[in-house]
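# Tertiary structure, described
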Amino acid sequence: MHAMPKLKFLIVVGLSLGLMFFCNSHHPFELSFPPLGKLFSPFDGFWQNANANPTGHKDLKLTGLSGPVEVVFDERMVPHIFGQNKADVFFAQGYITAMDRLWQMDIAVRATCGMLAEVMGPSLLDRDRLQRKKGLLFAAENALAAFKDSELDMEIGEAYTAGVNAYIAQLSPRDYPIEFKLLNYKPTPWSPLKSAIFFKSMAESLCARHQDLEASNALAFWGQETFDFLYPDENPKQSPIIPKTVEWAFEPIPIANMDTIEKALTSTTYRQKEFPQPPPFLGSNNWAVAGDKTANGKPILCNDPHLQLTLPSIWYEIQLHAPEFNAYGVSLPGTPGVIIGFNEHIAWGETNVGHDVLDWYKIDWVDQKKNSYYVDGAVKEIDMRYDTIWIRGQSMPHIEPIKMTVWGPVVYEADGEAYQDLAMRWIAHDKPNKRDFYEIGTFYHLMTADDTESYLNALEGYDSPAQNFVFASNNGDIAIQVNGKFPLKKKGQGRFVQEGNSSKNAWAGYIPRTQVPKVINPARGFVASANQHSAGPSYPYYYNGGFDDYRGRFINEQLTDLENIEVRDMKALQLNNFSLKAKEALPLLLAAIDTFEFSAPGMALLQALKAWDYRYEAAAKAPVLFEEWFAAFYKLTFDELDATAKEMDILYPESWRLIALLEEAPKHVFFDLKATTDLEDAAAIAKKAFEEVIDAYAAQFASADFDWGNTKATTITHLGRIDAFNSDLIYCGGSADAPNAIKKGHGPSWRMIVVLGEEVEAYGVFPGGQSGNPGSAFYDNTIQTWATGDYYPLFLMKEPKDQRVKPLLTMNLQ
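My aim in this report is to walk through the structure given alongside it, one point at a time.

Let us now look at unusual backbone geometry. The peptide bond linking Leu311 to Pro312 adopts the cis configuration, its omega dihedral lying at -5°. Topologically, Pro312 is positioned in the loop between β6 (310–311) and β7 (316–322). Each neighbour pair has its own omega, and for Ser464 with Pro465 the value is -5°, a cis peptide bond. Residue placement: Pro465 occurs in the loop between α13 (452–459) and β18 (467–473).

Spelled out as structure tokens, the structure:
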């Protein structure tokens, strides 16, 4: 599909001979630009990255292995690694992953812990400073300190590190991935700390979202009564992950001062702009159906994590085989093990939990020096941490001072009464309690698990980012656990910025792991999660966060109705473009304007909406109209917030709350437009919003190019934002609120279906390719397969000569 980068390489080869003689010094205007002579050199330059398809056999001599390792690369260049012990297998995983994804591994670490200015110059210093202030490096150091308490985690982490470094050590400049050449820097050695940083990059993406400042500003704007009305904790229509019929067979821990939480003052506002966060409702789907509901009587497990779509992909497909395990799935380049996958006995997968585990505390300084602060009337001194940030082109580093408090690092610090100094309390900063294994060990134990008990034991080592771990086994069991480390909170705690001068506002501890929601073999015959609430209102502990309102309900409805399930049914559900949000909102909007007349072009749009089946198919026109209409209707309804939103971040109500208002109270005062003297209702603003749709789309509605696939314009972007290395437009359906949650740049980053049984049957696909090299045939070769909803068979090879796989390349590492 993606021929353009390869064409560009050919053009560059033709130009390089002519240009290299004139370009043997740094570009005078940009220090980070590479020496063009070196870049265009036919011997070391980036034409070397336009590699031919690797085939045949290679023998490699590597220091660090205790025995031979055989690697079989299948027709998609997925490595199947066979070793005689686990250390050698993880060494080989590090080596092979670096061979395909070295620059991705490097840049992910730099972006997470604040080391981009070192290779990209002073323009990235402010971003690096923020990452250090947020404590990402501090968090990784704490995680590594915990890993060092575990013989298992360190054995695996050090073996993986040795493999990565064995690959780096043999590189010459001509072998560097093209991004190193374009940015003119070289790889540096890997370390277990870098793997810990990579785990924290996932924590930043999946459990660092917060709305404390926005919610506090909304509370100050509306007052408590209106805020509670517009922003309830739960959607009453929710269908939680753990069925509401599940009873909690434990005595909850009592929380002291339950009713004395000191909320943010309703007059307090926070005018600093919140730092960039991951997109809201980064989602995923997973489920497992019991044999009673399948055609062949065996459980089926499915998982499709919805993340940012990038080239190279966030996932690296791999099989790892040692005497202790034989596991297949996807790994994260930079961390050892299989993260989502299966072995001969079980399958497992994850979705994001979404609990709020990051709270903000306002610091009450003793004086203007801001070196000490009050807690419960006592003075506490800050602990000062100094982080060194190197900057390309500068001989001296920047030293970033970070003030550490009992709550965490002071991230927001500014002068002026309009700004408040705020400290971050984040679960990912914590050093885990001492135990036998941690996150690395969790995935190792999942790779070796063979039943429900070993699956549950594996999860005990995992803290953050919290995930819903789904499970199925070939003995017929299915299960799901909401797994991680969760704070004990008083009701409402963490929704707003809290006063940092009172210990009453601290978390009361952590929910015991034995009391974290889970269910095994439920009566309904399936387990499922799609980032909705973990449990219903009967669950005795309070939690808040960002939760899905549509996909989870729809998937639960579908799985309830399905019987005699086959793989094709599971593919159809993963690829389903139906939106429950549209089904609930559109009939109400149509009914609201039923008595109004519109122009002929407007009536054509209206008829398209009336005929729509709520499916976001690529060729459909109605999804474009609905999205525009609902967005305009939403903006007009909450026009009260517009002026304030220009001055500060403020929380807007969730879409389900607006739909409920439209259904239950169409004459509510919120539907009145502040800019007019008339008293509007829901019908009036629905009409006004639809007229905006007519103005925007009537002229182009009949065009063959006007449809959802072209309007959504899904594209997969290169991690370094190098346009030539992006994908072309991917014409496909999908919606954030449909199971097939493809948006412009986010969506199902890996689709997997596993049928358990005596012989495991599995299918999967991700949008990208195994190689991180844009000049490789395996850089983006799977995108079209993914876009059209096709899958590849996943072969859990039993030996290197397994006849089901026809290798493109084999390697012997020794």
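A separate point is empty space enclosed by the protein. For the structure on display, the rule yields seven cavities of 30 Å³ or more. One number sums up the size of the largest cavity: a volume of about 190 Å³. Around the largest cavity sit 18 residues that line it, and Met202, Leu206, Ile339, Glu350 and Gln467 are the ones nearest its centre. Of all the secondary structure elements, the ones that give two or more residues to the lining of the largest cavity are α9 (192–206), β5 (300–308) and β10 (346–352). Partitioned by chemical class, the residues of the lining of the largest cavity number twelve nonpolar, five polar and one charged.

Another aspect to go through is a nonpolar patch on the surface. A cluster of nonpolar side chains, contributed by Met384, Tyr386 and Ile399, occupies part of the molecular surface with about 300 Å² of accessible area. For Met384, the position within the fold is in strand β14 (residues 383–389). Since its relative accessible area comes to 33%, Met384 is described here as partly exposed.

Below, the discussion takes up the packing of aromatic side chains. Applying the stated criterion across every chain yields a total of 46 aromatic pairs. Judged by centre distance (5.2 Å) and plane angle (75°), the rings of Tyr462 and Phe469 are edge-to-face. Among the residues examined, Phe469 registers a relative accessible area of 0% and is labelled buried. Ring geometry for Tyr616 against Trp708: centres 5.1 Å apart, planes inclined by 75°, an arrangement best described as edge-to-face. Highlighted residues: Tyr616 in the loop between α17 (600–610) and α18 (622–637) and Trp708 in helix α22 (residues 708–712), separated in sequence by 92 residues. Here the two residues Tyr616 and Trp708 agree in accessibility, since each one is buried. Joined through ring pairs, the aromatic side chains of Phe554, Phe578, Trp612, Tyr614, Tyr616, Phe626, Phe630 and Trp708 make up one cluster. Between the NZ or CZ atom of Lys485 and the centre of the ring of Tyr510, over which it lies, the distance is 4.3 Å. Between the NZ or CZ atom of Lys571 and the centre of the ring of Tyr763, over which it lies, the distance is 4.8 Å.

Turning to the sheet that holds strand β28 (residues 809–813), a few remarks are in order. With respect to topology, eleven strands assemble into an open sheet ordered β1-β28-β2-β3-β7-β8-β9-β10-β18-β19-β21, the strand pairing being mixed. The open sheet has two free edges, formed respectively by β1 (56–60) and β21 (518–520), since each of these has just one partner strand. Between one strand axis and the next, the sheet turns by 15° as a mean value, whatever way the strands run. Bridge analysis of β7 against strand β8 (residues 325–331) gives seven bridges, and the strand direction is antiparallel. Residue pairing for β8: His321 is matched across the bridge by Asn326. Relative to β10, helix α12 (residues 439–448) is tilted by about 145°, and along the sheet it contacts β7, β8, β10 and β18.

Cut-offs and rules
- Residues numbered from 1 in each chain as written.
- Predicted model: local features only at pLDDT ≥ 70, side-chain atom pairs only at ≥ 80, totals over all residues.
- Heavy atoms only, no water.
- Helix = DSSP H or I, 4+ residues; strand = E, 2+ residues; numbered from the N terminus.
- 1 Å grid on protein atoms, 1.4 Å probe; cavity = no way out; pocket = protein on both sides within 12 Å on 5 of 7 lines; lining within 4 Å.
- Points joined across faces, edges and corners; volume = space filled by probe spheres on them.
- Nonpolar A, V, L, I, M, F, W, Y, C, P; charged D, E, K, R; others polar.
- Patch = residues over 30% accessible without salt bridge, like charges linked within 9 Å, V, L, I, M, F, W, Y side chains within 5 Å.
- Areas by Shrake-Rupley, 256 points an atom, 1.4 Å probe, with all protein chains shown as cover.
- Salt bridge = Lys/Arg side-chain N within 4 Å of Asp/Glu carboxyl O.
- Buried < 20%, exposed > 50% of the residue type's maximum accessible area, 1.4 Å probe, protein only.
- Phe/Tyr/Trp six-rings, centres within 6.5 Å; stacked < 30°, edge-to-face > 60°.
- Lys NZ or Arg CZ within 6 Å of the ring centre and 35° of its normal.
- Pairing = 2+ DSSP bridges.
- Axes fitted to C-alpha atoms, helices over the stretch in contact; angles between N-to-C directions.
- Contact = heavy atoms within 4.5 Å.

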